Amino acid sequence: MARSRAARLSDIDEAALALPEVTRDPPSGGRPSFQVRGKTFAFARGPRKDAVDPETGQPYEDVLAFSCTAEDKESMVSDPDSPWFTTPHWNGYNAVLLLERDIGRLTAQEIREVVTDAWLAKAPKRLTTELLGEP
């Protein structure tokens, strides 16, 4: 099977908005957050002192956050070659972080899977059942 192309920021929008009952804030442009029935599952966050560029000492300005399971978080952040990370601020939260500048290290398929898994982590059971086609 051929490798999927490198992911782009627009893949996050496309993947999220293809899922049931997703809203985007703001509706277009800007650094978005995505919700399902008012529960945020993926968002672009502002600079914080807990995520700092080790080369410049400045807070990252391009951090994306995605909900996930605790198991997925452990798997994603434990791989030293992975672009996924966490910070002490996120200890105890089932979410992983990604720098916008690193999105191309993932494939479009990988980012679609992460967005879908983030949605599944926050969506009501009825919606997840509809999407997955399970009783």
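Since the model is a prediction, treat every value here as computed from it, not as a measurement. (Residues numbered from 1 in each chain as written. Predicted model: local features only at pLDDT ≥ 70, side-chain atom pairs only at ≥ 80, totals over all residues. Heavy atoms only, no water.)

Things to note about the packing of helix α1 (residues 9-17) against helix α3 (residues 108-122)
In a pair of packed helices, the angle between the axes and the distance between the axes together describe the arrangement.
Then comes step 1: One can describe the packing of α1 onto α3 by two numbers: an axis separation of 9 Å at closest approach and a directional angle of 45 degrees. The orientation of α1 relative to α3 falls into the category oblique. At the point where α1 passes α3, the crossing takes the right-handed sense. Residue-level inspection shows Asp 11, Ile 12, Ala 15 and Ala 16 of α1 in contact with α3, the latter providing Ala 108, Ile 111, Arg 112 and Val 115.
Then comes step 2: Partitioning the contact of α1 with α3 into residue classes produces six nonpolar, no polar and two charged. (Axes fitted to C-alpha atoms, helices over the stretch in contact; angles between N-to-C directions. Helix = DSSP H or I, 4+ residues; strand = E, 2+ residues; numbered from the N terminus. Parallel < 35°, antiparallel > 145°, perpendicular 65-115°, else oblique. Left-handed = near helix turned anticlockwise from the far one by under 90°. Contact = heavy atoms within 4.5 Å. Nonpolar A, V, L, I, M, F, W, Y, C, P; charged D, E, K, R; others polar.)

Describing the side chain of Ser 82
Then comes step 1: Residue position: Ser 82 is located in the loop between α2 (70-78) and β5 (95-99).
Then comes step 2: There is a polar contact of 3.1 Å between the side chain of Ser 82 and the backbone nitrogen of Trp 84.
Then comes step 3: Excluding anything up to four places from it in sequence, Ser 82 contacts Met 76 and Arg 105. (Polar contact = N/O pair within 3.5 Å; in protein donor to acceptor, adjacent residues only side chain to side chain.)

Quick notes on the layout of surface pockets
Then comes step 1: What the largest pocket holds in volume is close to 280 Å³.
Then comes step 2: Considering the residues around the largest pocket, the lining is formed by 18 residues, among which Met 76, Trp 84, Leu 106, Glu 110 and Val 114 are closest to the centre.
Then comes step 3: Looking at the lining of the largest pocket, the elements with two or more residues in it are β4 (63-67), α2 and α3.
Then comes step 4: For the lining of the largest pocket, the leading source of residues is α3, giving five residues.
Then comes step 5: Of the residues in the lining of the largest pocket, the class split is nine nonpolar, two polar and seven charged. (1 Å grid on protein atoms, 1.4 Å probe; cavity = no way out; pocket = protein on both sides within 12 Å on 5 of 7 lines; lining within 4 Å. Points joined across faces, edges and corners; volume = space filled by probe spheres on them.)

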